[in-house]
Protein chains: 2
Amino acid sequence: MSRLRVHAFSISVDGYGAGSRQNRENPLGVGGMGLHEWMLPTRSFQRLYGDGAGETGVDDDFVARSFENIGAWILGRNMFGPVRGPWPDDHWKGWWGANPPYHVPVFVLTHHLRSPIVMEGGTVFHFVTGGIEGALHLATAAAGDRDVRLGGGVATIRQYIRAQLVDEMHFAIAPTLLGSGEHLFAEIDLPALGYQCAEHVAGARAAHIVIRREATD
Amino acid sequence: MSRLRVHAFSISVDGYGAGSRQNRENPLGVGGMGLHEWMLPTRSFQRLYGDGAGETGVDDDFVARSFENIGAWILGRNMFGPVRGPWPDDHWKGWWGANPPYHVPVFVLTHHLRSPIVMEGGTVFHFVTGGIEGALHLATAAAGDRDVRLGGGVATIRQYIRAQLVDEMHFAIAPTLLGSGEHLFAEIDLPALGYQCAEHVAGARAAHIVIRREATD
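Computed from a prediction, not measured in an experiment: that's the story for all the values here. (Residues numbered from 1 in each chain as written. Chains lettered and ligands numbered in written order. Predicted model: local features only at pLDDT ≥ 70, side-chain atom pairs only at ≥ 80, totals over all residues.)

## Remarks on the environment of Glu120 of chain B
Residue and element names in this part refer to chain B. For the record, the criterion: What counts as a helix is a DSSP run of H or I of at least four residues, what counts as a strand is a run of E of at least two, and both are numbered from the N terminus. Exposed residues have 12 or fewer other C-beta atoms within 10 Å of their own C-beta, buried residues have 20 or more, and residues in between are partly exposed; the C-beta atoms are placed from the backbone. Residues are scored as being in contact if the C-beta atoms we place from backbone atoms lie within 7 Å.
Assignment of secondary structure puts Glu120 in the loop between β5 (117-118) and β6 (124-128). With 10 C-beta atoms packed within 10 Å, Glu120 lands in the exposed category. Measuring from C-alpha to C-alpha, the distance between Glu120 and Gly194 comes to 39 Å, with 74 residues separating the pair along the chain. Apart from residues no more than four positions distant in its own chain, Glu120 is found in contact with Ala98 and Asn99.

## Observations concerning the interface of chain A and chain B
Where interface size is quoted, it is often the accessible area lost as the parts come together. Spelled out, the test is: Under this grouping Gly is polar, as are all residues other than the nonpolar Ala, Val, Leu, Ile, Met, Phe, Trp, Tyr, Cys and Pro and the charged Asp, Glu, Lys and Arg.
Facing the 23 residues of chain A at the interface are 23 residues of chain B. Elements supplying a minimum of two residues to the side of chain A that touches chain B: β10 (195-202) and β11 (207-213) of chain A. Ranked by residue count, the leading element in the side of chain A that touches chain B is β10 of chain A, at five residues. Residues belonging to the side of chain A that touches chain B are distributed by class as follows: 15 nonpolar, six polar and two charged.

## Things to note about the pairing of strand β4 (residues 105-109) of chain B
Residue and element names in this part refer to chain B. Stated precisely, the cut-off is as follows: In this description, strands pair whenever DSSP reports at least two bridges between them.
Most of β4 sits inside the fold, with five of its five residues counted as buried. Because side chains alternate across β4, one face comprises the buried residues Pro105, Phe107 and Leu109, and the other comprises Val106 and Val108, equally buried. Across three bridges, strand β3 (residues 70-75) lies against β4 in parallel orientation. When the sheet's bridge partners are listed, Trp73 is paired in β4 with Val106. Relative to β6, β4 is paired through five bridges, and the arrangement is parallel. Counterpart to Val108 in the pairing with β6 is Phe127.

## Things to note about the relation of the copies chain A and chain B
The test is simple: Fitting of the copies onto one another was done by least squares over C-alpha atoms, counting residues only where both copies have pLDDT of at least 70.
Structural alignment of chain A on chain B gives an RMSD of 0.0 Å, achieved by rotating through 180 degrees and translating 0.0 Å along the axis. Seen this way, the second copy is the image of the first under a two-fold rotation axis. Of every C-alpha in chain A, the one belonging to Ala202 of chain A sits nearest the axis of rotation, 2.6 Å from it. When the interface residues of chain A are mapped onto chain B, 100% of them are again interface residues, pointing to one common binding face.

## A short note on the confidence of the model for chain A
Going by this rule: The pLDDT score gives, residue by residue, the confidence of the prediction method on a 0 to 100 scale.
The pLDDT averaged across chain A works out to 93; a share of 99% of its residues lies at or above 70. Here the complex is predicted with pTM 0.89, and the ipTM for its interfaces comes to 0.83.

## So, helix α2 (residues 58-66) of chain A
Residues and elements named next belong to chain A. This is how the line gets drawn: Working definition: the arc comes from the directions between the helix axis and the C-beta atoms, pointing outward to the latter.
Of the positions making up α2, those classed as buried are Asp59, Asp60, Phe62 and Val63. Burial along α2 is one-sided: seen end-on, the buried residues are contained in an arc of 160 degrees. Where α2 is buried, its residues meet β1 (4-12), α1 (43-49), β8 (168-174) and β11.

## A look at the nonpolar core
Among soluble globular proteins, nonpolar side chains are generally buried collectively. Rules: Each nonpolar core consists of buried Ala, Val, Leu, Ile, Met, Phe, Trp, Tyr and Cys residues. Their C-beta atoms, within 7 Å, join them into a set.
Ile74 and Ile173 of chain A together with Ile74 and Ile173 of chain B are the most contacted members of the largest nonpolar core, which has 114 residues in total. Those residues in contact with Ile173 of chain A that sit more than four places away from it in its chain are Ile11, Val13, Ala206, Ala207 and Ile209 of chain A together with Ile173 and Ala207 of chain B.

## Focus on unusual backbone geometry
All names here are of chain A. Cis geometry is adopted by the peptide bond preceding Gly153, which originates at Gly152 and carries an omega value of -5 degrees. The topology assignment puts Gly153 in the loop between β7 (147-152) and α5 (154-162). Backbone geometry at His103 places phi at a positive 65 degrees, although glycine is not the residue there. Structurally, His103 can be placed in the loop between α3 (77-80) and β4 (105-109).

Here is the structure:
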């Protein structure tokens, strides 16, 4: 059965998944890039974006795992780009260039209709106006036997957690403090929603936590 | 110069330093004991409370460090005990028995006067009604050349952080979720107060973070 998974999502020691004042120059908000520094030297990341000669180890294992058996993605609109409100034109096609690192269908949550965009390398961006459950329905169908990865951002993950729709979440606690921004867990009682820590593994540059939901209904 | 240090203070992945519904049976609140499981097998803890045959390694190093060069402690009243309001009598002498693990003067924050209590092994509990700055003044004088350790709990640490009076804080992120209780960093902007992550080290049972304040004034 297809699962909904969050992977390699970075949070600060003080619990923020993105900094404040996000814009086109700072898509992760002020200080937000520091959340992801643990990932950049890994071999799995360098194979996607660099020369392929990165480091192996725990941090790399978690990046590699994040791409395994994924048949579709779901992204919040703010993770797809900085455009807000109705789409002014078809110019914006994501942060990732002509060949995005997804290579499967990607369902973007939005309140504004837009035609799908076929990118190079197998990525197709679909724009879904049916809410988080509608997007999950479409993504699960597209993923077939494989799982659906929930990419973020913070607000989107929080919605799916509250609806008890996420099966597994891997968070990397980065050794940085943001002080303000989007807090991942504020006002969310994870144990009351059925979530527990299932794994904790220390990497060289981040602490990795896997949280799973035990089906209770 | 004497510094104010927090050590071996455990928080959950979702940021709580104590669970909800604290009482005499659950001094750390519901689920709160899970925060400290990383510490119990360490040799330094077992030397204090067990048979001395505990484990060495990163987790143990941090427990050992927490006792180094400490000349006095500060505790919030709720950490000293479950009694609230005026002291009904002199019966309650802390959670720790006749010979508490401090062995130096301990300054307990309270709004209600009480005479000092001399315990076995060098621990003397002093009850301070002069607020957090008054307690720090007395503890610093008592500590001499050594540092003052701020033991907690959460509300007390938050007060000292906001007053920018803590110099160094070691937190152990325990692989557990509490969902509710006392949140350590909520509404506190650590970088704005001058705090930064100075160290991060992975132990077998917890992720260790050291936060320091750079004096800016």
